[in-house]
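Listed here are the chains, written in short residue letters.
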Amino acid sequence: MDNLRRAIVIISTVVLIGAGVIGFMFALDSIVESAQDSVVDLMPTGEKYSSGSSPQNTASPEKASDCSTMLFVITDKSGNAEIVFTATADYNGGKISLIFYPADTSVAVRSEDGSSELMTIADYYKNEGLEKTGAAVSGILALPLSGAVSCNYSTLSDLINAFTIENGVSYFPPCQISAKSVDGTNVNVKKERARFTGYDSIKLISFYKTFDNIYDAELIKFYDGTRLPQNIVAATYADAFVTEKLTGDIYAYCLDNYAVFFNSFLEKCGGKAGENFPDKLSLSVRSFKEDSIDAYVIDTKIDPSGSVLVYAGTLTKYDNNSGSIASRKLSGEALNQLIKSLY
């Protein structure tokens, strides 16, 4: 009888231990999945996405299109992030999509204790570097990156000059600018169509705020001291540049040399470009059309604390029609479809 009792006790102990181990493994698996979810699915406010808050990336890896998305961070002389955007090239579909992320937009940053705090993209770049900034920016729309590079305005100016030779990029500014920028640069831009070379292009897209925070009646119609007007100009200027230099009736000089231009540009950049860029673009350039270039800026809103700007869950597509800015907001299914097309 004692032997029977001992056997029952031993068997019960083994069962309990086994159940405990299995339970621990399930719990561990749940914790890992939960941790992964908190990394991938955090909203800029630090909260988890609900099923309706973010585009669900259901694009199949077998999709026929061959898309590549790169992050570009343009900095000032001091290395501060000024303009942040992704460029997605669908090499087979002949489409280029540009999405701009105002540098004063805040993203959620997790600390070691698991809590989160909000930090602007500019501050995140300054404190954490390009690679982590790439992860943070790509997480806003859950958009995978094939590469991320950074450069200063001077390097960008050199790239623009290489493409424009001496004839510049045709662009119609949405506002007349006659002011001193925050860095002390005098910016004088007329509201009329002109051809912008590298130096003038940089003055145009870097302006967002006056040196003394004083705005004349003409300037205040468009600029308000935030990064949004700057990003609208940068987005529509980039649209004009890509459309003129990489599509349609391209100058033979640009067509023959732009791979050289891009490679020279990338050598001066920090970070790493996507695999086979710009070689893939070189093979596909003739398939890009003037109407297949789209420029977007993410929309922002004041967070519940009332102190910072966060992603509002929508994008706005901008077009410059002879100095008049047209806009179209994308949300819901339209936004889902756009994100899917970028995979």
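Quick caveat, the model's predicted, so the values are computed rather than measured.

## As for the confidence of the model for the protein
Fine structural detail should not be taken from predicted coordinates in areas where pLDDT scores are low.
Thought 1: Looking at the protein, pLDDT values average 80 and 76% of them are 70 or higher.
Thought 2: The least confident element of the protein, judged by mean pLDDT, is helix α1 (residues 2-40) at 38; the most confident is strand β14 (residues 324-330) at 97.
Thought 3: Taken together, the stretch residues 1-64 has pLDDT below 50 and engages in 49 contacts with residues farther than four places along the chain or on a different chain.

## Some thoughts on the side chain of Lys-245
Thought 1: Within the secondary structure, Lys-245 sits in helix α6 (residues 228-246).
Thought 2: Among the polar contacts made by the side chain of Lys-245, one reaches the side chain of Glu-244 at a distance of 3.1 Å.

## Notes on the packing of aromatic side chains
Thought 1: Under the defined criterion, the tally for this structure stands at 9 aromatic pairs.
Thought 2: Where Phe-85 meets Phe-100, the ring centres are 4.8 Å apart and the plane angle is 15 degrees; that geometry is what we call stacked. A residue pair is termed long-range when its members are at least 10 positions apart, and Phe-85 in strand β2 (residues 81-90) and Phe-100 in strand β3 (residues 95-100) qualify at 15 residues. Pair check on accessibility: Phe-85 and Phe-100 agree, each one buried.
Thought 3: Taking 5.0 Å as the distance between ring centres and 75 degrees as the angle between the ring planes, the aromatic pair formed by Phe-163 and Phe-261 counts as edge-to-face. One end of the pair, Phe-163, is in helix α4 (residues 153-164); the other, Phe-261, is in helix α7 (residues 252-267), and 98 residues separate them in sequence.

## Quick word on the pattern of salt bridges
Thought 1: Here the structure, examined in full by the defined rule, presents 10 salt bridges.
Thought 2: Residues joined in a network through salt bridges with shared partners are Lys-95, Asp-294, Lys-317 and Asp-319.

## Examining the nonpolar core
Thought 1: In this structure, Phe-100, Phe-163, Ile-205, Tyr-223 and Tyr-237 are the most contacted members of the largest nonpolar core, which totals 57 residues.
Thought 2: In terms of residue count, the dominant contributor to this core is α6 (10 residues).
Thought 3: Beyond its immediate chain neighbours, meaning those up to four positions away, Tyr-237 contacts Ile-160, Val-169, Tyr-171, Phe-196, Ser-201, Leu-204 and Ile-205.
Thought 4: In this structure, Val-84, Val-107, Met-119 and Ile-339 belong to the second largest nonpolar core, which totals 28 residues.

## Some details on unusual backbone geometry
Thought 1: Of note, Ala-142 is a non-glycine position whose phi angle comes to about 55 degrees, a positive value.
Thought 2: The residue Ala-142 is located in the loop between α3 (130-140) and β6 (147-152) in this model.
Thought 3: Here Ser-322, not a glycine, exhibits a phi torsion of approximately 50 degrees, which is positive.
Thought 4: Along the chain, Ser-322 turns up in the loop between β13 (309-321) and β14.

## Describing α6
Thought 1: Here α6 contains 19 residues, and its C-alpha end-to-end distance of 26 Å stays within 8% of the 27 Å for a straight helix at 1.5 Å per residue.
Thought 2: For α6, the tally of buried residues reaches 18 of 19 residues, placing the bulk of the element in the interior.

## Some words on the side chain of Lys-203
Thought 1: Its location among the elements puts Lys-203 in helix α5 (residues 198-206).
Thought 2: Despite its burial, Lys-203 pairs with no opposite charge; the closest candidate is Asp-200, at 4.1 Å N-O.

## Comments concerning the environment of Ser-157
Thought 1: Among the structural elements, Ser-157 can be located in helix α4.
Thought 2: Contact partners of Ser-157, with chain neighbours within four places excluded, come to Gly-198, Tyr-199 and Ile-202.

Each value, and the rule that gives it
Residues numbered from 1 in each chain as written. Predicted model: local features only at pLDDT ≥ 70, side-chain atom pairs only at ≥ 80, totals over all residues. Heavy atoms only, no water. pLDDT = per-residue confidence, 0-100. Helix = DSSP H or I, 4+ residues; strand = E, 2+ residues; numbered from the N terminus. Contact = heavy atoms within 4.5 Å. Polar contact = N/O pair within 3.5 Å; in protein donor to acceptor, adjacent residues only side chain to side chain. Phe/Tyr/Trp six-rings, centres within 6.5 Å; stacked < 30°, edge-to-face > 60°. Buried < 20%, exposed > 50% of the residue type's maximum accessible area, 1.4 Å probe, protein only. Salt bridge = Lys/Arg side-chain N within 4 Å of Asp/Glu carboxyl O. Core = buried A, V, L, I, M, F, W, Y, C linked by side-chain atoms within 4.5 Å. Expected span 1.5 Å × (residues − 1). Lys, Arg positive; Asp, Glu negative; His and termini not counted.

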